[in-house]
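Analysis of the macromolecular model
For reference, the chains in residue letters:
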Amino acid sequence: MLALVASMGGFIFGYDTGQISDIMLMDDFLLRFATCSTPGDATTCSFSTVREGLIVSLLSIGTLVGALLGAPTADFLGRRYAMSVECVVFTVGVIIQIASEQVWQQFAFGRFVGGLGVGALSAAVPMYQAETAPSQIRGTLTATYQLFITFGILVAYCISIGTRDNSNSGSWRIVVGIGILWALILGIGILFMPESPRWLAAHDRVEEARLSLARVRGVPEEEVKNHYIITREVEEIKSSIEFERQVRAGWIDCFKPQNKTLYRTLLGMSLQSLQQLTGANYFFYYGATVFESVGLSDSFVTQIILGAVNFFCTFGGMYVLERFGRRRPLIVGGIWQSIWLFIFAAAGTAVDPTTHPGMGKLMIVSACMFIFGYAMTWAPGIWILIGETFPTRTRAKQGSLSTAANWIWNFILAFFTPFISSAIGYRYGFVFAACNLTGAVVVYFFLYESSDLSLENVNMMYTDPNCKPWTSREWAPAGYSSRQDLIDQTRAAEAHKPHTLEEGRMEKLSESSADGS
């Protein structure tokens, strides 16, 4: 339930992303906000490249600012209350949009204000989920954020196709206005969820943190005091926070090289940037226009197909990233996506797809296969990593910086894509193919394998000088023979088995201490 409610932040993100592609083609929207050579005739209306870019991309500018404001807001108010406030901001943006009559700048400004809320949520939600979820299922729970992004995109497509035939402003106002419902669900629902135990502990509310951990793990309140897993995790959180309190963390601390803090800041920003540079939003923002140019009679339907592939394949991504870790899926995914984007670009460049239906169909298949790989790997994987890569002391700020990098590139691509597409056409796909290969290389050489580790142990792994990214899959904390040993012992403890495994671990620690002395 926690994952579902919090992930409504992702749904809002996806819904706002998915709706604009179809709205830009609706007759009433064109008549109100585009330039028409014959007043009253939508077929003669079109947006200038600059106007189209601004309407689409001002959301991204808002989300960039919102992502940077999300860290201090979440640290000050707490993760839950921050999300409720951010839902209010998003709602104000929606109201500004649906109140627009003839002034396109008002609609664009409404997207900017809504973006403030979406951006702050995109920083707060993955952080809240990662801080609250048990390490064994943290990847799956955090991946629900991306799952709900894809669900939001799909729902936006479906609602758009249902309203597009309306001859009045309801065709687009209904699509935009329904966004308020999603904000209400999150803003109110999150208040009934437990607060982040790490935020509570950082504010000296240790007993509340203990109860929060128990609620998430389904441990009865009367068993909390003597529950091994809860006690161990609380002690890990307390010791980590006490250590980090020795030096107060500001924004500048995110760029200090000690304990690989700068390394992780740049890694997070790079991965979020590369997620945008995969080219996925090329299809989500401008997909209807792209497939209309390929010669499809109903590009709205193709958008729904892409959205459905994106949504359903994300379920597979949740399994893949929990079963195979983080590094391998991202490397394989980067290569897979690059191959299909190369085919997409080559097919569109070789001949005119409007006069060669076979090539147009190949391009659609290539786009679907690209989305298949993206939804299984890079889409959920990067959001999981943003929640679990950084130390508690600077996690909110580093998460905000990383998310801001995502939104910077989101804006750049949303605004400049019409210009680039008009200049180089489908060769744009070659650019994205190269970026996907670059992403695979970055993951191999710089990303550590963080699956199945607590957030405190992830921090220990990054600061271990003997651990390298390509060997990190085998790393385990002191006292465990391997990562699998850690997993097995944790599962045994959670199943309330006799603590012989833990006793054996303590004996191992004692022996290693004796050898050392």
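Okay, so let's go over this structure. None of the values given here were measured: they were computed from a predicted structure. (Residues numbered from 1 in each chain as written. Predicted model: local features only at pLDDT ≥ 70, side-chain atom pairs only at ≥ 80, totals over all residues. Heavy atoms only, no water.)

1. Topic: the overall build of the protein chain
The test is simple: The secondary structure listing takes helices from DSSP runs of H or I that are at least 4 residues long and strands from runs of E that are at least 2 residues long, numbered from the N terminus. C-alpha atoms define the radius of gyration in this analysis, and the globule rule sets the expected value at 2.2 Å times the number of residues to the power 0.38. Three exposure classes are used, based on accessible area relative to the maximum for each residue type with a 1.4 Å probe and protein chains only: buried under 20%, partly exposed in between, and exposed over 50%. In what follows, a contact means two residues having at least one pair of non-hydrogen atoms within 4.5 Å. In these tables, accessible area is a Shrake-Rupley quantity obtained with a 1.4 Å probe, and a residue counts as shielded only by the protein chains included in the view. His is not counted, nor are the chain ends; Lys and Arg add positive charge and Asp and Glu add negative charge. Where a charge sits is defined by one atom per residue type, namely NZ (Lys), CZ (Arg), CG (Asp) or CD (Glu).
Counting its secondary structure elements, the protein chain contains 23 helices and 2 strands. For 517 residues, the compact-globule estimate of 2.2 N^0.38 gives 24 Å, and the protein chain sits close to it at 24 Å. Overall size of the protein chain, expressed as C-alpha extent along the three principal axes, is 85 × 45 × 40 Å. Within the span of the protein chain, comprising 517 residues, buried residues form 59% of the whole. Look at the contacts in the protein chain between residues 6 or more apart in sequence, and 78% of them connect residues 24 or more apart. Only carbon and sulfur atoms are counted for the fraction: they give 66% of the accessible area of the protein chain, which is about 20,000 Å². Here the protein chain carries 37 positive and 42 negative side-chain charges, and the mean point of each set is 3 Å from the other.

2. A closer look at the state of the cysteines
Rule in force here: Cysteine sulfur atoms are paired as a disulfide whenever they come within 2.5 Å of each other.
Enumeration according to the criterion identifies 1 disulfide in this entry. Covalently, Cys-36 is tied to Cys-45 through a disulfide, its sulfur atoms 1.9 Å apart. One quick way to see it: the torsion about the S-S bond of Cys-36 and Cys-45 is about 105°, and its sign makes the bridge right-handed. In this structure Cys-368 is a free cysteine whose sulfur lies 9.3 Å from that of Cys-313, the closest cysteine sulfur available. A relative accessible area of 13% places Cys-368 in the buried class.

3. Remarks on the nonpolar core
Stated formally: Only buried Ala, Val, Leu, Ile, Met, Phe, Trp, Tyr and Cys residues count toward a nonpolar core, and they belong to the same one when joined by side-chain atoms within 4.5 Å.
Judged by nonpolar contacts, the single largest core of 115 residues is most densely connected at Phe-29 and Leu-271. The leading source of residues in this core is helix 7 (residues 138-163), at 11 residues. Every residue in contact with Leu-271, bar those within four places of it in the chain, is listed here: Trp-378, Ile-382, Leu-385, Val-442, Val-443 and Leu-447. One finds Trp-199, Ala-209, Leu-213 and Ile-230 within the second-largest nonpolar core, a separate group that totals 12 residues.

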